[in-house]
Amino acid sequence: MQTAKIIVVGSFASGKDAFIQAISEIDLVATELQTAENHVALYFGRYTVDDELVIHLFGTPDTRRFEFAWDINYSRDLLGYVIVINNALPDAYPEAERIVNLFRKSAPAPFVVAVNDQDDTNGLSPEELRRVLHQPESVKFIPYGANDTESVKKVLLGLMYEIFDRVNIRKQGA
Ligand SMILES: Nc1nc2c(ncn2[C@@H]2O[C@H](COP(=O)(O)OP(=O)(O)OP(=O)(O)O)[C@@H](O)[C@H]2O)c(=O)[nH]1
Ligand SMILES: [Mg+2]
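Residues numbered from 1 in each chain as written. Chains lettered and ligands numbered in written order. Predicted model: local features only at pLDDT ≥ 70, side-chain atom pairs only at ≥ 80, totals over all residues. Heavy atoms only, no water.

### Considerations on the nonpolar core
Counting 25 residues, the largest nonpolar core has Y81, I83, F103, F111, V113 and F141 as its most contacted members. The element best represented in this core is helix α3 (residues 93-106), accounting for five residues. Residues A22, V112, V152 and L156 belong to the second largest nonpolar core, which totals 23 residues. (Core = buried A, V, L, I, M, F, W, Y, C linked by side-chain atoms within 4.5 Å. Buried < 20%, exposed > 50% of the residue type's maximum accessible area, 1.4 Å probe, protein only. Helix = DSSP H or I, 4+ residues; strand = E, 2+ residues; numbered from the N terminus.)

In structure tokens:
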């Protein structure tokens, strides 16, 4: 049995808890994750893919600090990050842009951007949001709704593809 960790980050009220709860078999629990340097307080949920793989999802309760991520990068079994953005909260776009840029620049682990509130007519499409946040096409913006478990699974699948891409690039470069 393999255990893989995914960390969910995002600005205030972006939908981090709802994302994890949508797919978790258990109610979210407050927990601490041991990193190279210290303990980080996070919310925890669990998703069993099959007999071979269990995904542990951790959500940040503290929306202001992402510096811990550099430390968590060295945490064992980290698959990658999901950056959650609520497209109906334009006030949070600058913070979302800051977070995505921070992860592009400093986080060696793969990530995808998950965009919720897709059925809200005031919200931007993932593609529009990618442009508004000044991100290149290489950064994947994937739509989902927390009320639609299958769409949350597609976000996780998108993250898997990012991971496979990295492995392939490394192989080609070898
Ligand atoms: N329509 C819709 N609403 C959502 C979705 N995800 C979250 N919400 C709502 O947005 C609000 C914030 O969601 P949370 O999951 O608590 O957000 P959070 O990022 O954990 O919030 P903080 O921990 O306070 O930063 C809640 O009222 C959710 O019900 C979604 O996919 N669709
Ligand atoms: Mg929360």
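### Points about the layout of surface pockets
Roughly 210 Å³ of volume is contained in the largest pocket. Lining of the largest pocket is provided by F103, R104, A107, F111, S138, V139, K140, E162, D165 and R166. Only α3 and α5 (149-173) provide two or more residues apiece to the lining of the largest pocket. No other element matches α5, which puts three residues into the lining of the largest pocket. Of the residues contributing to the lining of the largest pocket, the split by class is four nonpolar, one polar and five charged. (1 Å grid on protein atoms, 1.4 Å probe; cavity = no way out; pocket = protein on both sides within 12 Å on 5 of 7 lines; lining within 4 Å. Points joined across faces, edges and corners; volume = space filled by probe spheres on them. Nonpolar A, V, L, I, M, F, W, Y, C, P; charged D, E, K, R; others polar.)

### What about helix α1 (residues 16-23)?
Turning to α1, its buried residues number three or more, namely K16, F19, I20, A22 and I23. Take α1 and look down its axis: the buried residues cluster within an arc of 155°, on one side only. (Arc of directions from axis to C-beta.)

### Section: unusual backbone geometry
Unlike most non-glycine residues, A13 shows phi in positive territory, near 55°. Tracing the backbone shows A13 in the loop between β1 (2-10) and α1. Its identity as a non-glycine residue notwithstanding, H134 has a phi of 55°, on the positive side.

### What about the site of ligand 1?
Lining the immediate surroundings of ligand 1 are 13 residues, of which A13, K16, A18, D117 and A146 lie closest. D17 has a polar backbone atom sitting 3.1 Å from an oxygen atom of ligand 1. Separating an oxygen atom of ligand 1 from a backbone N or O atom of A18 is a distance of 2.8 Å. Protein chains shield 62% of the accessible area of ligand 1, which is 650 Å² for the free molecule. Element by element, the count of residues in the shell around ligand 1 is highest for α1, at three residues. Counted by class, the shell around ligand 1 contains five nonpolar, five polar and three charged residues. (Near = heavy atom within 4 Å. Polar contact = N/O pair within 3.5 Å; in protein donor to acceptor, adjacent residues only side chain to side chain. Areas by Shrake-Rupley, 256 points an atom, 1.4 Å probe, with all protein chains shown as cover.)

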